[in-house]
Amino acid sequence: MKITGIEDLHVASALGHYSFLKITTDAGLVGWAEFNESGSTRPISALIKASGEQLIGKDPLPVQQIVTQLYQQSIQAPGGLAQRANAAIEMALWDIKGKSLNVPVHALFGGPVRDRIQVYWSHCGSYRIQAGEKLGVKPIRTPDDIAELGAEVKARGFKGLKTNCFNLIGGQLTRQMQGYGRQPTHAALNLERHTLDGIVATLRAFREGAGPEMNLHLDSNVHFRSEGYIRIARAIEQFDMTWLEMDMWDAQALADVRSKSPVPIASLEQIVGRRNFRPFFERGAVDFAIVDLLWNGWSEGLKVAAMAESFEINCAPHNYHGHLSSAISAHFCALIPNIKVMETDIDSSPWRDDLFLTEVQYEDGDMLVPTGSGWGMDVNESAARKYAADH
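Residues numbered from 1 in each chain as written. Predicted model: local features only at pLDDT ≥ 70, side-chain atom pairs only at ≥ 80, totals over all residues. Heavy atoms only, no water.

Just to check I follow, could you spell out the overall build of the chain for this structure?
For the chain, the count of helices and strands is 13 helices and 15 strands. A compact globule built from 391 residues would reach a C-alpha radius of gyration of about 21 Å, and the chain, at 20 Å, matches this within 12%. When its C-alpha atoms are laid out on the principal axes, the chain stretches across 60 × 45 × 40 Å. For the chain, the computed accessible surface area is about 15400 Å², with 48% contributed by carbon and sulfur atoms. (Helix = DSSP H or I, 4+ residues; strand = E, 2+ residues; numbered from the N terminus. Rg over C-alpha atoms; globule rule 2.2 N^0.38 Å. Areas by Shrake-Rupley, 256 points an atom, 1.4 Å probe, with all protein chains shown as cover.)

Written out as C-alpha cells, the structure is:
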C-alpha cells in the first residue's frame, strides 16, 4: 500500500472552523484526522503539506517509523505548530492502520480498559454567551439563565459540566478573555472584583440549577497570574468543585498555586511533549493532567499518560473540536488506566453532526467508545465541502 494524496479541509462553524486532514492510499483506504487551526495557528496546514509531500509514494503502515522521522525533522523547532502538524499526520496514519486490519485503533495497543467514558459538558454557558443565536440556542445573559442551563444539563443526563470565567457588571454576564488579548486590560492579567463576582455568581447558579451531585469544573485558562488564581480557588471552595483549571508555563509557580488552593488543580493542556510535562509532575504541580491529543499526537499522548500514572496522576483529554476529535479522545480514555473524565462540547454549530458518518453515542452521561475500524468516525466529505470555510 502506498500513500497517494494528502489534503486539508476546513469547515465553517459558529465559533471558528473545523479542520480535517485526509490521507488517501492506492488501496482505497482513507485516513482521517482532525486538527485545530485558527487565528495564529493557521500555518499548520502549510506545515502539514510540507511534511506530507515526502510521504507520497510511501507505505503508511509503519506508523511509528514515520512519526519518529517527522519528530526528528522538526527537532530544531520542537513542539508548537510543527508538533501539531506532525500529530495530524500521525492520527490519519493510525486511522489507516486500523482500517487495514479492520480493528479500532485502541485494539492496536492491547484493547480497551473500558468501553464507555464519563464526559462533562464543556464551555457550558460560555458559548451561549458568545454566540447563542448562531448556535440556535437561548443566549445567556444573567445568573438566572445559568441556573436554567444547569437544570438542562442535569435533565439531559450529564454528570458534570465545565464553565469559564465571566464578568458580572450591572447584573449582566460577559466572557472574561483578557488572557487572549481581547480586552483593554489584558496585559496586566489582574483579577478584578467584577470578574470574581461573576465567577462566584455563575457557580452558585450552576449549583442551584444542576443540583448537589453535579460535578463542577471551572476553567480559568490563561487569564490571570498566580495571585488571581489563588483568590479564585479560595472563593469557589464553597461549591465543592471537581477542579479549578488554569494554564501556566512555569512548573514551580503552578505548584505554588496548588499548594495554596483548597480545590484540586487541573492543568497542562497547552504543554506539548513528555519532556515538557515532566517538570510539572516532578514538582507536584497538578492533581489532574490535561492532555491534548491533537497537539501532542497519539503516541506522545500515550507516553505522557504513562508518565503521569507513575506520579499517581490521572489524565483528562483536552477536547473541544468536532466528533472526530471526540472519537480520538475516547480511544485514548478507553486505553489508558489513569483516566479521570473526558471533555466534550455539546453546544456547537447546527450542522456539526452532518460532518460525520457516525453518530456520537451518549448514554447516562457517558460517551460510548466507537467500535468501527480505525477511529470509527469518518468525515462526511460532501457535507464538509458544503459548509467549507474560507481559508
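It is not clear to me how helix α8 (residues 251–260) should be interpreted in this structure. Could you clarify?
Within an α-helix, residues lying three or four positions from one another point in the same direction, as the helix has 3.6 residues per turn. Those residues of α8 that fall on the buried side of the exposure criterion are Ala251, Leu254, Ala255 and Val257. Projection of α8 onto a plane perpendicular to its axis shows the buried side chains occupying an angular sector of 160 degrees, all on one side. In the core, the buried residues of α8 are packed alongside α7 (226–236), β10 (265–267) and α9 (274–282). Two or three places before Gln252, at the opening of α8, Asp250 has a side-chain oxygen 3.2 Å from that residue's backbone nitrogen. (Buried < 20%, exposed > 50% of the residue type's maximum accessible area, 1.4 Å probe, protein only. Arc of directions from axis to C-beta. Contact = heavy atoms within 4.5 Å. Polar contact = N/O pair within 3.5 Å; in protein donor to acceptor, adjacent residues only side chain to side chain.)

What exactly am I supposed to notice about the side chain of Asp347 here?
One can find Asp347 in the loop between β13 (342–345) and β14 (362–363). Judged by its relative accessible area of 6%, Asp347 falls in the buried class. When sequence neighbours within four positions are dropped, the list of residues in contact with Asp347 reads Trp121, Tyr127, Arg128, Leu135 and Val137.

Explain the sheet that holds strand β1 (residues 3–13) here, please?
Pairing between sheet strands relies on hydrogen bonds along the backbone, with the strands arranged either parallel or antiparallel. One open sheet holds the three strands; their spatial order is β1-β2-β3, and the pairing between them is antiparallel. On the outer flanks of this sheet lie β1 and β3 (30–35), each paired with one strand and no other. This sheet shows a mean twist of 20 degrees between the axes of neighbouring strands, independent of strand direction. One ladder, built from six bridges, connects strand β2 (residues 16–25) with β3; its direction is antiparallel. Counterpart to Phe20 in the pairing with β3 is Glu34. (Pairing = 2+ DSSP bridges. Axes fitted to C-alpha atoms, helices over the stretch in contact; angles between N-to-C directions.)

Whenever I open this one, the packing of aromatic side chains confuses me. Can you help?
Each pair of aromatic rings is reported with the distance of its centres and the angle of its planes. Taken as a whole and assessed by the stated rule, the structure comprises 12 aromatic pairs. Taking the centre distance of 5.7 Å and the plane angle of 80 degrees together, the rings of Phe20 and Phe356 count as edge-to-face. With Phe20 in strand β2 and Phe356 in the loop between β13 and β14, the pair connects residues that are 336 residues apart, well separated along the chain. Note on accessibility: Phe20 and Phe356 belong to one class, buried. Through pairs of rings, three or more aromatic residues link up here, namely Trp94, Phe109, Trp298 and Trp375. Here the guanidinium or amino end of Arg84 rests over the ring plane of Trp295, the centre of that ring lying 3.8 Å away. (Phe/Tyr/Trp six-rings, centres within 6.5 Å; stacked < 30°, edge-to-face > 60°. Lys NZ or Arg CZ within 6 Å of the ring centre and 35° of its normal.)

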